[in-house]
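# Examination of the molecular architecture
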Amino acid sequence: MNKKVIKTVIGEKQQKIGITKLMQRAESFDEHTCYVLIGIRRAGKSYTLYQDIQAKLSSGQVNVEDILYVNFDDERLASIRGEELGLLLEAYWEMYDQKHPLIYLDEIQNVMGWEKFARRLAEEKYHVMITGSNAKMLSREIASTLGGSYIQRRIYPFSFEEYLMYYGVCLDKNWEFQPDKRLAVILHFYEYFYNGGFAESFDKTDKREWLTSLYQKILMGDIVERNKIRNPRIFRLLARKLADSVMQPTTLKRLEHIIKSTGESISPMILKDYLDYMEDAYLIFSIPNLVSPLTEQQTIVKRYYADNGILNLFLTDGETKLLENIVAIHLDKHYHNTAEERRLFYYNRGVEVDFCIPEANKAIQVSYSIDDINTYEREVGGLIKFLKAFKQYQGVIITRDTEKQIIEDGINIEVVPVWKWLLGTI
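Residues numbered from 1 in each chain as written. Predicted model: local features only at pLDDT ≥ 70, side-chain atom pairs only at ≥ 80, totals over all residues. Heavy atoms only, no water.

### Some points on the overall build of the protein
Along its length, the protein carries 15 helices and 13 strands. Taken over the C-alpha trace, the protein has a radius of gyration of 23 Å; the compact-globule value for 426 residues is 22 Å, and the two agree within 12%. Each principal axis of the C-alpha atoms in the protein carries an extent, and together these give about 75 × 55 × 40 Å. Of note, the protein has its 55 positive side-chain charges centred 3 Å away from the centre of its 60 negative side-chain charges. (Helix = DSSP H or I, 4+ residues; strand = E, 2+ residues; numbered from the N terminus. Rg over C-alpha atoms; globule rule 2.2 N^0.38 Å. Lys, Arg positive; Asp, Glu negative; His and termini not counted. Charge placed at Lys NZ, Arg CZ, Asp CG, Glu CD.)

Written as C-alpha cells, this is what we have:
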C-alpha cells in the first residue's frame, strides 16, 4: 500500500471534517474510552464520528492536525490488508512528526484482520472510534481479540424527535397545546411514518427510489456477497415474507412452509443462517415471547424491520404493520436485546400483548384504531386480562390518532397517538 495515497486520504478528510454541517444527535462519548459503532448501513455512523470530532475541535481540545480519519469504503484503500494497517500511523507521523492522534476508522470491517491492529491501538492508549455495518465483526472471537478494550454503541436511523429537529420543529414543554406546533408534528409524522429515518433520504425527491437502492446495497453487499449466498432469489423471497409477517410470531418451520408454498425449497439450517445474516446486517431484529422457555426464545419470535422506509418497500396498504414496526423500533432503541440479555418481549399465553418491558413494568398494545367494537374487545380486553394477572404493570395502547383514558374493572389504560408517544418518555 502506497503511503502517499494514505496521506492524501488523511488530508482530504481533515479538510472536509471542519466544513461539514451537522445537526447534533443525542450521542456523546467518554474521551478516555475506545468505541465500536455498529448498525445498519447509512444509519449515521460516519456522521456520528464527524460529530465527535467537531465537538472536540469546537471545545479547543484538539486541532484538525490531531485527527487521523480513514474511511475504508474509499476505493483507493480497497487493496489494504490487515498487516498493512500500521502504515496509517507511519504516514500520519511523516505528515505531523510523531503526534499522538485521535483515530477514527470508518467501515473497518472491509479489511480482513483489522482486529489485531485495533487492539494494539487501544493497548497503546490511543483514543479510537471504529464503525462497521456487519455484526459479524463483533463475533465472540473478535470481541475476545479486542480484549474488552472497546465499548459497543449501536447507531440507529433518526428518531422522530431528531427528524423534527432536522426540519426545524423545536418542541417546548407545552407544544401539544399549541395548534401550529401540534399540526406541524402530525404533518411531519406522516412522511416519517412511511419513509423512515435515514437522513440521507430526507431531501430526496424520490425517497422510494433512494430506499430501494439502499435495500439493494444491504441485500447484495452486506448479506449476499459477504456470506456467499448461492440463491439470492430465495433470500429476496424470505425478506418479503418477513415483511408480510410483521406483527406475527413466526417459527422456522412456518417460514419454511411459506417458502415451499411458492415452489422453492430451503433447509431449516440454511433458513436459520439466512435469518442470522439479516440480523447481522441490522436489516431486521427480533423479540421473544416473555413466557417461552429459553430454547424457544431463539426460534419463536416476532421480527421487525430496522426502518419503516425499508419495510414500506414491501407493503401495500400496510399501515397496521408500519404502526407496530415503528413502535418496535423505538422500543428496541431504548431496550435493545442482545444474545446475553433480553429486555424487550411480547407476551402470548392465553392473551396476546404486543410488547412487554419487565424492567419498566410496561405492557403495550398497538392498534391502528380501536373504534371498531371487535378490535376494541380484542385489544383492550386482552390487555385488561394481562394487567389483572400482572398487577405491577402499567397498560398503554398506541394508536394512529386516538387519545383518551380507559377505565374498566378497576384497570386504567392510557390510549395515546403514536406521534405523541414517540416524543414522550418511555
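### Here we look at helix α8 (residues 207-225)
Note on helix geometry: an α-helix contains 3.6 residues per turn, so any two residues three or four positions apart are oriented the same way. When the terminal C-alpha atoms of α8 are compared, their 25 Å separation across 19 residues agrees well with the 27 Å that a helix rising 1.5 Å per residue should span. Taken residue by residue, α8 has K207, W210, L211, L214, Y215, I218, L219, D222, I223 and V224 as its buried positions. Close packing links the buried residues of α8 with α7 (179-195), α9 (232-244), α11 (268-280) and α12 (308-312). Of the residues flanking the start of α8, the one acting as N-cap is D206, its side-chain oxygen 3.3 Å from the backbone nitrogen of R208. (Expected span 1.5 Å × (residues − 1). Buried < 20%, exposed > 50% of the residue type's maximum accessible area, 1.4 Å probe, protein only. Contact = heavy atoms within 4.5 Å. Polar contact = N/O pair within 3.5 Å; in protein donor to acceptor, adjacent residues only side chain to side chain.)

### Quick look at the packing of aromatic side chains
Within the structure shown, the criterion is met by 31 aromatic pairs. Ring plane angle 85° and centroid distance 4.8 Å describe the contact between Y163 and F202, whose orientation is recorded as edge-to-face. Remark: F202 occurs in the loop between α7 and α8 and Y163 occurs in helix α6 (residues 160-166); sequence separation between them is 39 residues. Across the pair, exposure class does not vary: Y163 and F202 are buried alike. (Phe/Tyr/Trp six-rings, centres within 6.5 Å; stacked < 30°, edge-to-face > 60°.)

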